[in-house]
Protein chains: 2
Amino acid sequence: MIQAIDRAAKVLSSLQGARHLGITELSAELGLPVSTVHGIVKSLQGHGLVSQEPGGNRYMLGPALLKLSNVYLDTLDVRARAMRWTLELARRTGLSTRLGVQLFDEVIIIHHNQRPDGSQQMPETGLAIPAHASAMGKVLLAYSPDYAAGLLGRPLGSLTGATITDPARLGAQFASIAGNGIATEEDEAVLGESSVAAPIVDTRGNVIAAVAVVVPSSEWPPDTSVLNGLRETARNISRELGASTWPPRAPQRSVAVPPES
Amino acid sequence: MIQAIDRAAKVLSSLQGARHLGITELSAELGLPVSTVHGIVKSLQGHGLVSQEPGGNRYMLGPALLKLSNVYLDTLDVRARAMRWTLELARRTGLSTRLGVQLFDEVIIIHHNQRPDGSQQMPETGLAIPAHASAMGKVLLAYSPDYAAGLLGRPLGSLTGATITDPARLGAQFASIAGNGIATEEDEAVLGESSVAAPIVDTRGNVIAAVAVVVPSSEWPPDTSVLNGLRETARNISRELGASTWPPRAPQRSVAVPPES
DNA sequence: AACGCAATTCGACAATGTCGAATATCCTCC
DNA sequence: GGAGGATATTCGACATTGTCGAATTGCGTT
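Residues numbered from 1 in each chain as written. Chains lettered and ligands numbered in written order. Predicted model: local features only at pLDDT ≥ 70, side-chain atom pairs only at ≥ 80, totals over all residues. Heavy atoms only, no water.

This part takes up the packing of aromatic side chains. The tally for this structure, following the rule as stated, stands at zero aromatic pairs over all chains. We note R84 of chain A situated over the ring of W85 of chain A; from NZ or CZ to the ring centre the distance is 4.3 Å. (Phe/Tyr/Trp six-rings, centres within 6.5 Å; stacked < 30°, edge-to-face > 60°. Lys NZ or Arg CZ within 6 Å of the ring centre and 35° of its normal.)

Residues and elements named next belong to chain B. Spatially, the six strands line up as an open sheet ordered 5-4-3-8-7-6, and their pairing is antiparallel. The open sheet has two edge strands with one neighbour each: strand 5 (128–130) and strand 6 (183–190). Neighbouring strand axes in the sheet, compared pairwise and without regard to direction, differ in orientation by 35° on average. (Pairing = 2+ DSSP bridges. Helix = DSSP H or I, 4+ residues; strand = E, 2+ residues; numbered from the N terminus. Axes fitted to C-alpha atoms, helices over the stretch in contact; angles between N-to-C directions.)

On to the protein's contact with DNA strand C. For DNA strand C, the set of nearby residues contains 18 residues, the closest of which are Q3, I23, T24 and Y59 of chain A together with T36 of chain B. Residue H38 of chain A places a side-chain N or O atom 3.1 Å away from a phosphate oxygen belonging to DNA strand C. At 2.4 Å from a phosphate oxygen of DNA strand C is found a side-chain nitrogen or oxygen belonging to T36 of chain B. Among the secondary structure elements, those contributing two or more residues to the surface near DNA strand C are helix 1 (3–18), helix 2 (23–30) and helix 3 (34–45) of chain A together with helix 1 (3–18) and helix 3 (34–45) of chain B. A per-class count over the surface near DNA strand C returns six nonpolar, nine polar and three charged. (Near = heavy atom within 4 Å. Polar contact = N/O pair within 3.5 Å; in protein donor to acceptor, adjacent residues only side chain to side chain. Nonpolar A, V, L, I, M, F, W, Y, C, P; charged D, E, K, R; others polar.)

This next bit is on the environment of H20 of chain A. Inspection of the secondary structure puts H20 of chain A in the loop between helix 1 and helix 2. Apart from residues lying up to four places away in sequence, H20 of chain A is in contact with E53, R58, Y59 and M60 of chain A together with T75 of chain B. Within the structure, the side chain of H20 of chain A is placed 3.1 Å from the side chain of E53 of chain A, a separation counted as a polar contact. (Contact = heavy atoms within 4.5 Å.)

Think of it as a corkscrew move, a rotation about one axis and a shift along it, taking one chain copy to the other. The operation relating chain A to chain B is a screw motion whose rotation component is 180°, with 0.0 Å of axial translation and a residual RMSD of 0.0 Å. Such a turn and shift between the copies fits a two-fold axis. Both copies contact each other with a shared surface, as 100% of the interface residues of chain A are interface residues in chain B too. (Least-squares fit on C-alpha atoms with pLDDT ≥ 70 in both.)

Right, let's get into the domain arrangement of chain A. As far as domains go, chain A holds domain 1 (3–64) and domain 2 (76–240). For domain 1 of chain A versus domain 2 of chain A, the separation of C-alpha centres amounts to 33 Å. (Domains from an automatic or database assignment.)

We now examine the pattern of salt bridges. The full count for this structure, using the stated rule, is 22 salt bridges over all chains. Here D6 of chain A and K10 of chain A are joined by a salt bridge, their closest N and O atoms 2.9 Å apart. Of this pair, D6 of chain A and K10 of chain A both sit in helix 1, four residues apart, which is roughly one turn of that helix. Owing to a relative accessible area of 15%, D6 of chain A belongs among the buried residues under this scheme. Accessibility expressed as a relative area gives 41% for K10 of chain A, which makes it partly exposed. Here E88 of chain B makes a salt bridge to R92 of chain B, at a shortest N to O gap of 3.3 Å. Taken as a pair, E88 of chain B and R92 of chain B lie in helix 5 (residues 77–93) at a separation of four residues, close to a single helical turn. Classification of E88 of chain B by relative accessible area gives partly exposed; the value is 31%. On the accessibility criterion, R92 of chain B (63% relative accessible area) is exposed. (Salt bridge = Lys/Arg side-chain N within 4 Å of Asp/Glu carboxyl O. Buried < 20%, exposed > 50% of the residue type's maximum accessible area, 1.4 Å probe, protein only.)

The next point concerns the UniProt feature "domain: IclR-ED" (unreviewed entry) in chain A. As recorded in UniProt, the feature "domain: IclR-ED" (unreviewed entry) lies at residues 64–243 of chain A. With 43% helix and 26% strand, residues 64–243 of chain A has its two end C-alpha atoms placed 35 Å apart. (UniProt positions renumbered as here; feature names shortened; annotations may be inferred.)

So, in C-alpha cells, the structure goes:
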C-alpha cells in the first residue's frame, strides 16, 4: 500500500464523515503534521477531488467525485441488466426494491426503485448501510465467509434496538442463508422497515450483488408471492449475466492451513 | 503536487474514460512501468476506489466513489437551498432545469429537475458538459476571467456543428454575459436542445454555481417570462445564500503585471 | 490597529515510492 | 490436453520523492 495514496484516501474518508474540515482539524484527525496534510489536500484539490468551501479556508469533497461515480454506475454491468427486473418486481409487489454491492463492512445501494404507490420517497442510490444490519449485506457476507469471519471478530454497531450484533447469532444466520439463498432483516437498520434479499451470481458462480425488497414492518412477514418474486428476479438477473445455476452453491471457507503440496 | 497522488488521480481519470482497463493498458496510457501502476491500483483498490472487474483481471472504478459522491451532494449548501426554487421554476416554465458547478473545463450538473410533462427523461445529475458548449459553463467562465483566458488559449472541441470554438466569439459572449448575467447556448452541446443560464452568488459576491433552463430548440427563443423566471430564481437562491446584490458585479481580470509596491 | 490562530511556503534529510527483472498465473491456440 | 504467449504480481536496490519542523504570510477577532 503506497503511503501517500493511503493517506489521501483517508483524507477523503475524513471529509466524508465531517463534511467540512480545516487543515489543522484534518491533521489532528489523521495524526499527521499540518504541512503533510496540506500537501495531500492541495494535490487532491488539483484534480477536483477536494474543493475549498466557498468563502472559507476549510475543505470539502469535490465535484470530480460526482463525475467519477456517475461513470462508475454506468460501467456496472449488473446494474444495467438488473434495472428492468427490479422495476418489474417493484410493480408486482407494490414495494420498493434495491440493488446493492459490498464495500468492506457496508452495502452500497447502486439502484433503487421507489414504491409504485406514488408517494414522495427519498432516492436511495449511493446510500451505505452497515452490512450486518441489512438483508443484502447478510447475503453478501454469507457468500464471502472469509470476510464475514473477520467482520464477526470486530465489535459491531447497533443502529436500532433490533440490530443483531451478536457474532454467534449472525454466524448462524449466514449459515442458513448460504443454504437457501434468502436473507431477512427486521427493523435492524431502520425502525419500521424490514427487508428480504437474494444473491446475484455471475458466470463463474461468484456472488457479485444482492437484490432486496423493502417491506414495511407492519406488513411483516411478507407474502409468499413476494419471496417467490424476489427469487425469480435474482434468478433472472443472474441468468442474464451468464450464471448457470441459482441459488449459488454454498461457499467453502478457505482453510487456515492449506494442504501441503 | 505529490507525485503518487497525481498519478493515482490520473489512474481514476483513465478508468473514467475507458471503463475497463488492465494493468498493462493503464501503464501504456500513462507511460509508466507496469509495476508502478500495479502498486497504485492496488492502493486504490484497498480503499474501494477501484475494483476488480468481476471475473477478470481488469480494473474499473470502485463503489467507494459512489458513497463519496453521495456525501458530496449532501454537503453542497447551494444544492439544498436551490432545489425548491428550481423545482418551482420547472413547474412555472414547463421546462427542465439544471444546477451546475465548474470542474476545470467542464460543468458538472449537481441537480436536475425533469420537465413536468411526465415524459420519460434521463436523470442528468452527475453529467459533465464542456463549459464552452453550455450556457451554465459560459456563465461560470464569464465570472472567472483568469480561468477563461487560459481556456480560450487551448483548442476547443466541437460537440455539434453549432458548437462555438472560436476564442474571439466566445470571449465576446463572456463580456456581454458579465454585463447582464444571462448566458445562452443554441444546439451547442446537443442538437435540438438549447439553454439559458444565470449565475448564483454567495455572501462575498463569488459566483459559485449556475442555474439553467433547457429549451427545445424548436421553441427558441424562449418567452420573456422564462427569462424573468430564471433571473428571479437565480436571485432568490443567491439571496438565500446571503448575497446582497444580484446580478453580481462584473469581475476584474487580474492584471498580468501587478503594480509595484 | 494589534493580537492570535490557521494556512501556506521552504529546504534538508532520509524514508518512501519507483523501477527492472524474476516469478506466478491466466488465457489462447494448437 | 499441452504448450506458448501475454498479463498480473512479487521482490529488492537505488535515488527520487514525500515528509517534516520551522519560518512566513494571511485572515479574522478583539
